[in-house]
Amino acid sequence: MKAVGLRILFYLAVVLLALIVLLPFLWMLISSLKTQIDIVAWPPKFIFSPTLQNYYKVFGEQDFIRYFINSTIVAVFAVGVSLLLGLPAAYSIARFSQRRLAMVILLARLMPGISFLMPWYIIFSRLGLMDSYVALVLSHVLITLPIVVWIMSSYFETIPLELEESAMVDGASRHYIFLKIILPLSGPGIITATTLSFIFSWNNFLFSQVLSMEKTRTLPIAVFNFLSYADIDWGGVMAASVAIMAPALVLTMIFQRYVVSGLTMGAVKG
Amino acid sequence: MASLQIVDVRKAYGPTRVIHGVDIAIDDGEFVILVGPSGCGKSTLLRMIAGLESITGGEIRIGPRVVNDVPPKDRDIAMVFQNYALYPHMTVAENMAFSMKLRKAPKPEIEKRVSEAAEILGLTKLLDRYPRQLSGGQRQRVAMGRAIVRDPQVFLFDEPLSNLDAKLRVQMRTEIKQLHQRLKTTTVYVTHDQIEAMTMADKIVVMHDGVVEQIGAPLELYDRPANLFVAGFIGSPSMNFLKGHLQGGRFVSDSGIALPVANAPAASDGKPIIYGIRPEHFILDDTNGLSAEVSVVEPTGSETQVFAKFAGSDVVGVFRERVNAKPGQQIRVIPDPNLGHLFDEQTGKRI
C-alpha cells in the first residue's frame, strides 16, 4: 500500500513540475488564438471561439518574413563563426590543458551583456556598421562562442588520447588529426553546441534591440512592435512569440537526444 | 628494418625523475621485451622511442639516425596500443590503409598491402566492418594489421594483450611470435607479464624504478638472475628466498638449517646471504630430505604446488609427482644443490 501511495505522490510531483514549466507556454498558445477581449477577460476564459486573426496580423501587417530571414542570417553566421573559431580553441584547451584560457572565455559570458553594449554602440556607429549584419553577428558571437568552446572542450576531453597518438605515429600532423580524426568523432558534441548556440542567438533580444534598426531587425524585436505607448496588443505578441519559438522548438526536438547527452557530458567528467 | 640504440636515456617530469639513464642495444630484427612492475618506466621508455614523450637526456637512435627531436610521424615506426586505438569512424580496411594514405602511397599498392596484411591476420572477411562490430581479439588483430601494413623500421607494442581474456592472450602470444618470425621486423614490446616476456622475447630487459636491472635472453635471466629483484620477478611461482650465511661451503639459514651449495665461494663465509631456490628445484626425498610442514596443496593436474614452512620461512615447491600430504603434515624435501642461487643481502647482487 505504501509503495502505491509513494507512486501516486511521485506522479503528482511530476505533473506539478511539468505544469509549472509548461503552463506559460500553454497560456501563450491559447492566448495567441484569442481576441484581445477574451485575453484580458476575468476570470480567464477556457472556452472561446478560436481565431487566427492574430497570426494574420503577424504575417500580414508586420514584415514578419523579413525579420525571420534576418534572424536566420544572424543566427547562422553567428553559429558558423563560433564553430570556426570555437572548435580549434576548444581543442587546444582540451589537449593542452588551457583551463585558464577557458575561464577568460567564460568571463566574457559572465559579464552582463549590457556592459558590452555601450562600447559596441560607439564602435559600430563610428565604423558605420549600425544596422548591419556584421555588427549583429559579431555581437551574437559573444554569446555563442563561449557555448561552443565550453561544450566542445569537455567533449574533446572524452576522446581517447591514444587515437591521436596512434595517428601521430601513423604519420599524421596535428591539423590533419584534428580535421580527420577528432572532428568526425565529435558529431554529437558539435550538434549540441550548434543547437544551443543557435537557440541563444535566435532568442537574443538585447543586442539586436540596440544594434539593429529597420533593415536588420530580428524576430524578438518584432514582438516588441506590438507594444506601443497606448496599449499592448497581447494577441499579436502571443502569436509572434509562438511563431518565433517554433523553429527553435523544432530544432531542439530533432536534436534532443544529442542535446541532452551533450548537456550532461561535462558534468560526469568533473 | 633497423637496429635501435638507447644510450643513457633519462626522463624527468620537472624535478621528478622517472628514468635514470637506461642503455639498451637492440639488433636489427630482434624481438625485445621491456618488462617490470607498474611504474617502472617501461611504458614511458617505449613512448620516448615512439616520440610521444620528450627525451630529457641521452640519445635514441633508429638505425644510424638520432631521433631525439624527430616528431613521431617521421620516425618510421608503428605502434600497437593497449586499447588498440582504432579509428572508430573508419572501416577495418581504412584503418589499415590510414598510414599509407598519409604517405601518399599509390592506391593499388595500398590495396595490395592491406589485403596481404589482412590475409596474414585472417581479417579478409572483416575489411568492411567498423571497429565497434568486432570482438576484442579481432580489434587486436586490426591494430596489428595497421602496424604491419607499412613495413616500418621498428614495431612498438604497449601491453597489447592485457585487454584480452586469458585464453585469447595465450593464442595471440603465439600469433605475434609467428608474425615476428615471418616479418623479422625489429620489435620492442612492453608488458608487465613475465610469462609473455619469457615466451616471446629474444631478449628481455627487466626494469625497476627507472633503471635496467638486467638484460638477457629469457633462460639466461631465469637461470642466472643478476640480482634479487630479477630473481623474484622472473618465474612463476616466484623464487623462494631464505636468509642466512655461508659456512664451510654450506648455506646455514637463520633458523639454523644447513643446505648444501655447489661451488660456494669460500671468501663469502660468514657474510649475510640470501639463498634463492626456484619452486621446481625442490626434490622430494624421504631419506636425505629436510622436513617441511605443509600448509596448502594445490594440484593442477600436470604438477602439484605445495606451500610449506621450510627452514623457518614460507616457501612454495612445485613437483611433477602427485603429493598426497594434508595440511599440517610433514614432507621431506631438499633443494637441488646445483640449482641454488646466492645473493649478497646488502647489495642484492648475485654472488
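Chain B carries the name Carbohydrate ABC transporter ATP-binding protein, CUT1 family (TC 3.A.1.1.-) in an unreviewed UniProt entry, which gives Microvirga guangxiensis as its organism. For the record of chain B, the UniProt heading Subcellular location (unreviewed entry) holds the text "Cell inner membrane". Per UniProt, chain B carries the Sequence similarities (unreviewed entry) text "Belongs to the ABC transporter superfamily."

As annotated in an unreviewed UniProt entry, chain A carries the name Carbohydrate ABC transporter membrane protein 2, CUT1 family (TC 3.A.1.1.-) and is attributed to Microvirga guangxiensis. UniProt annotates chain A under Sequence similarities (unreviewed entry) with the comment "Belongs to the binding-protein-dependent transport system permease family." The Subcellular location (unreviewed entry) field of the UniProt record for chain A holds the comment "Cell membrane".

### Focus on helix α10 (residues 187–203) of chain A
A rise of 1.5 Å per residue sets the reference length of α10 of chain A, with its 17 residues, at 24 Å; its end C-alpha atoms lie 24 Å apart and thus fit the reference within 8%. Taken as a whole, α10 of chain A has its buried residues at Gly189, Ile190, Thr192, Ala193, Thr195, Leu196, Ser197, Phe198, Ile199, Ser201 and Trp202 of chain A.

### Some remarks on the domain arrangement of chain B
All names here are of chain B. Per the domain assignment, the segments making up chain B are domain 1 (4–232) and domain 2 (237–344). Once you take the C-alpha centre of each, domain 1 and domain 2 turn out to be 38 Å apart. Contacts between the two partners involve eight residues from domain 1, matched on the other side by eight residues from domain 2. For the pairing of domain 1 and domain 2, the buried interface totals around 710 Å² over both sides, and the portion due to carbon and sulfur atoms is 63%. Three residues stand out in domain 1 for area buried against domain 2, namely Tyr222, Leu228 and Ala231, and they jointly supply 68% of the buried area on that side.

### As for the interface of chain A and chain B
Residue-level contacts link 16 residues of chain A with 22 residues of chain B. Here chain A and chain B share an interface that buries about 1600 Å² over both sides, 67% of which is from carbon and sulfur atoms. Broken down residue by residue, the surface that chain A buries against chain B is led by Glu165, Val169 and Asp170 of chain A, which jointly contribute 38%. Summed over the shared surface of chain A and chain B, the number is one salt bridge. The residue Glu165 of chain A makes a salt bridge to Arg47 of chain B at a minimum N-O spacing of 2.6 Å. Taken together, the connections running from chain A to chain B amount to eight residue pairs in polar contact (both at pLDDT 80 or more).

### Remarks on the packing of aromatic side chains
Scanning the model with the defined rule gives 18 aromatic pairs over all chains in all. Aromatic side chains Tyr91 of chain A and Phe178 of chain A sit 5.0 Å apart centroid to centroid with 45° between the ring planes, which places their arrangement in the tilted category. Highlighted residues: Tyr91 of chain A in helix α4 (residues 64–95) and Phe178 of chain A in helix α9 (residues 174–182), separated in sequence by 87 residues. What makes Tyr91 of chain A buried here is its relative accessible area of 6%. Feature note: the residues Phe116, Trp120, Phe124 and Phe207 of chain A constitute an aromatic cluster, connected by ring pairs. A cation sits over an aromatic face here: Arg146 of chain B above Tyr87 of chain B, 4.7 Å from the ring centre. The cationic tip of Arg278 of chain B hangs over the ring face of Tyr222 of chain B; the distance from NZ or CZ to the ring centre is 3.8 Å.

### Some remarks on α9 of chain A
Every buried residue of α9 of chain A is listed here: Ile177, Phe178, Ile181 and Ile182 of chain A. Taken end-on, α9 of chain A shows its buried residues confined to a sector of 110°, consistent with a single buried face. Along α9 of chain A, the residues that are exposed and aim more than 90 degrees away from the buried face are His175 and Leu179 of chain A. Those residues of α9 of chain A that are buried lie in contact with α4, α7 (133–157) and α8 (161–170) of chain A together with α2 (92–102) of chain B.

What counts and how
- Residues numbered from 1 in each chain as written.
- Chains lettered and ligands numbered in written order.
- Predicted model: local features only at pLDDT ≥ 70, side-chain atom pairs only at ≥ 80, totals over all residues.
- Heavy atoms only, no water.
- UniProt positions renumbered as here; feature names shortened; annotations may be inferred.
- Helix = DSSP H or I, 4+ residues; strand = E, 2+ residues; numbered from the N terminus.
- Expected span 1.5 Å × (residues − 1).
- Buried < 20%, exposed > 50% of the residue type's maximum accessible area, 1.4 Å probe, protein only.
- Domains from an automatic or database assignment.
- Contact = heavy atoms within 4.5 Å.
- Buried area = accessible area lost by both parts, 1.4 Å probe.
- Salt bridge = Lys/Arg side-chain N within 4 Å of Asp/Glu carboxyl O.
- Polar contact = N/O pair within 3.5 Å; in protein donor to acceptor, adjacent residues only side chain to side chain.
- Phe/Tyr/Trp six-rings, centres within 6.5 Å; stacked < 30°, edge-to-face > 60°.
- Lys NZ or Arg CZ within 6 Å of the ring centre and 35° of its normal.
- Arc of directions from axis to C-beta.

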